[in-house]
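Structural overview
Below, each chain spelled out in residue letters.
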Amino acid sequence: MQYVLFSGPFRALRHKNYRYYWFGQAISVIGSWMQNMAMQWLALSITNSALLLSIVTACEQVPVMFISLFAGAILDKRQKRRIILLTQSLLLFFAFILFLITYTHTVRYWHLVVLAILRGLVTTFDNPARQSYMITLVGKEDLPNAVGLNSMIFNLARIIGPAVASLVISTAGIEMCFLANAISFVPVIIGVFLIDAKEPQKEENGKSVFSEVVEGLKYVYMNKVLLRAISLVLIMGIFILNFNVLIPVYAKLALGRNETGFGFLMSSMGIGSLMGAFLTATRRKEKINLNLLFKFILSVSIVYIFLGLNKSYAVACVLFVFVGLLAISFNTSANALLQLSSSDDFRARVLSIYFLCNAGTTPIGNLFTGTISQKISPWAGFYIPGLATIALTTMVLITTFKKKNLEKTK
């Protein structure tokens, strides 16, 4: 009965340890999305500035920018389960602190900046640890499905979280979103405690962390699939994945909407993201390749240009469904491709490079789009990055085809 229930797009749930992990995450990510929306709205309400909002969101990604590579080298030498328990406990603590200072009406803009930096430090270790741990729970064959299922709950929460947060903010107060997030980490911690999967033994090789980082970078550079995939992730990270700045600014300053309108825009993108995650979960590992990544990134760039030309709230909701679908399809496919193309000894380092390019470039992207949105217009924050992404992706595509033709002639 279990194998019938957990088959097809849910086949990774056949693995007991993955079920512990997945169901805990299913609860936690709802709280995380509630906090994300509440923190963005709080920062914008305090400052009424797109640029200052972009600084808060950028601060959370600054640690990824500077220490992500070192985090991957450290994680390749450590047991992932212990790291996850520590990072999730710290994130619970930070959420509770945010609840306290908001509840007591002592919150200031600089508090949000400091907490964003601390959260960034922890998630720099947490994200690659959790992602590289999944292959231990399900194996290579079910890895793309596990990545897709993980993305499904993340994006289902993207629909539920902002919608719930907007209601909570208007009825119980914004501080209750932070308390809900703190409580939501408890199921994750319990789930990870219940996991009994054995990780490969880590042997000391006497190399310094810096040497391990250099070795990881060389490994990616020498692998053509990894290098091209990372190049596309870098472009996507800088120009497209700036939702924390773009959507609240677009909702409030371009479309004249309140927190409820903002919440529904986020939920619209969440619906599309859920669809994209489901499609990834149904896709076999043989179907995940570079051509797929090119299609997704070019398509989402075109949708960005349409958003930059649009002034209708209803049309914006529809377009954000496509943004969510294409962006999450790209991210989950890139994640799975990088893991499948990496050896066990380098997987955490490859994923740390992925997170550096995907999330670590957010400070650059946030400041870029935040400045454009403030200095030019909220619409320019979409059509300029869309055009830049098409131009750079086309360059990578041309380079890829040139190299393939040279290899054929040889």
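Residues numbered from 1 in each chain as written. Predicted model: local features only at pLDDT ≥ 70, side-chain atom pairs only at ≥ 80, totals over all residues. Heavy atoms only, no water.

Under the criterion given, the structure shown has twelve aromatic pairs. Consider the rings of phenylalanine 96 and phenylalanine 99, whose centres lie 5.8 Å apart with planes at 40 degrees: the pair is tilted. Pair noted here: phenylalanine 96 and phenylalanine 99 are both in helix H4 (residues 80-103), with a separation of three residues, about one helical turn. Looking at phenylalanine 99, the relative accessible area reads 10%, which means it is buried. An aromatic cluster is present here, built from Tyr250, Tyr304, Phe320 and Phe382 joined pairwise through their rings. A cation over a ring is seen here: arginine 257 above tyrosine 313, with NZ or CZ 4.0 Å from the ring centre. (Phe/Tyr/Trp six-rings, centres within 6.5 Å; stacked < 30°, edge-to-face > 60°. Helix = DSSP H or I, 4+ residues; strand = E, 2+ residues; numbered from the N terminus. Buried < 20%, exposed > 50% of the residue type's maximum accessible area, 1.4 Å probe, protein only. Lys NZ or Arg CZ within 6 Å of the ring centre and 35° of its normal.)

Together, Trp110, Val114, Ile117, Leu118 and Leu121 give the surface a local cluster of nonpolar side chains, amounting to about 430 Å² of exposed area. As for its position among the elements, tryptophan 110 is in helix H5 (residues 109-138). (Patch = residues over 30% accessible without salt bridge, like charges linked within 9 Å, V, L, I, M, F, W, Y side chains within 5 Å. Areas by Shrake-Rupley, 256 points an atom, 1.4 Å probe, with all protein chains shown as cover. Salt bridge = Lys/Arg side-chain N within 4 Å of Asp/Glu carboxyl O.)

It is worth spelling out helix H14 (residues 347-358) at this point. The first and last C-alpha atoms of H14 sit 16 Å apart over twelve residues, in line with the 16 Å expected at 1.5 Å per residue. Within H14, twelve of the twelve residues are buried, which leaves it mostly tucked inside the rest of the structure. Taken together, the buried positions of H14 are Arg347, Ala348, Arg349, Val350, Leu351, Ser352, Ile353, Tyr354, Phe355, Leu356, Cys357 and Asn358. (Expected span 1.5 Å × (residues − 1).)

In this section: the domain arrangement of the protein chain. Each domain of the protein chain was delimited in the assignment, giving domain 1 (1-197) and domain 2 (207-409). Using only C-alpha atoms to locate each centre, domain 1 and domain 2 end up separated by 19 Å. Counting residues at the interface gives 53 residues for domain 1 and 61 residues for domain 2. Between domain 1 and domain 2, a total of about 5,100 Å² is buried, with carbon and sulfur atoms accounting for 71% of that surface. Taken as a group, Trp41, Leu69 and Arg158 account for 12% of the area that domain 1 buries against domain 2, more than any other trio of residues on that side. Counting the contacts that link domain 1 with domain 2 gives zero salt bridges. One can count two residue pairs in polar contact (both at pLDDT 80 or more) joining domain 1 with domain 2. (Domains from an automatic or database assignment. Contact = heavy atoms within 4.5 Å. Buried area = accessible area lost by both parts, 1.4 Å probe. Polar contact = N/O pair within 3.5 Å; in protein donor to acceptor, adjacent residues only side chain to side chain.)

All told, the structure shown has seven salt bridges when counted by the stated rule. Put simply, arginine 14 and aspartate 142 hold a salt bridge, and the shortest N to O gap is 2.5 Å. Of the two residues, arginine 14 is situated in the loop between helix H1 (2-5) and helix H2 (16-47) and aspartate 142 in the loop between H5 and helix H6 (143-171); the sequence distance between them amounts to 128 residues. Judged by its relative accessible area of 5%, aspartate 142 falls in the buried class. One network of salt bridges, with partners in common, ties together Arg11, Arg14 and Asp142.

Looking at the element boundaries, arginine 349 is found in helix H14. In contact with arginine 349, not counting residues within four places along its chain, are Gly72, Ala73, Asp76, Glu212, Glu215 and Gly216.

This part covers unusual backbone geometry. Positive phi outside glycine occurs at histidine 105, with the angle close to 60 degrees. Counting through the fold element by element, histidine 105 comes out in the loop between H4 and H5.

Moving on, we come to the packing of helix H13 (residues 313-340) against H14. Relative orientation of the contacting elements H13 and H14 amounts to 155 degrees, with a least axis distance of 9 Å. By the angle between their directions, the pair H13 and H14 is classed as roughly antiparallel. H13 and H14 meet at a crossing whose hand is right-handed. For the pair formed by H13 and H14, the contact residues are Asn331, Ala334, Asn335, Leu338 and Gln339 on the first element and Arg347, Val350, Leu351, Tyr354 and Asn358 on the second. (Axes fitted to C-alpha atoms, helices over the stretch in contact; angles between N-to-C directions. Parallel < 35°, antiparallel > 145°, perpendicular 65-115°, else oblique. Left-handed = near helix turned anticlockwise from the far one by under 90°.)

The next subject is empty space enclosed by the protein. Any space left empty among the atoms is revealed by the rolling of a water-sized probe across them. Overall, the coordinates contain one cavity of 30 Å³ or more when judged by the stated rule. For the largest cavity, the calculated volume is near 1,300 Å³. Lining the largest cavity are 49 residues, with Trp33, Asn36, Gln61, Asn127 and Phe154 sitting closest to its centre. The residue inventory of the lining of the largest cavity, partitioned by class, reads 21 nonpolar, 23 polar and five charged. Looking at which domains feed residues into the lining of the largest cavity, each of domain 1 (1-197) and domain 2 (207-409) gives three or more. (1 Å grid on protein atoms, 1.4 Å probe; cavity = no way out; pocket = protein on both sides within 12 Å on 5 of 7 lines; lining within 4 Å. Points joined across faces, edges and corners; volume = space filled by probe spheres on them. Nonpolar A, V, L, I, M, F, W, Y, C, P; charged D, E, K, R; others polar.)

The next subject is the packing of H5 against H6. Contact geometry for H5 and H6: axes closest at 9 Å, N-to-C directions at 130 degrees. The orientation of H5 relative to H6 falls into the category oblique. Both H5 and H6 take part in a crossing whose hand is right-handed. Between H5 and H6, the contacting residues are Arg130, Gln131, Met134, Ile135 and Val138 on the first element and Leu143, Ala146, Val147 and Asn150 on the second. When grouped by side-chain class, the residues that make up the contact of H5 with H6 number six nonpolar, two polar and one charged.

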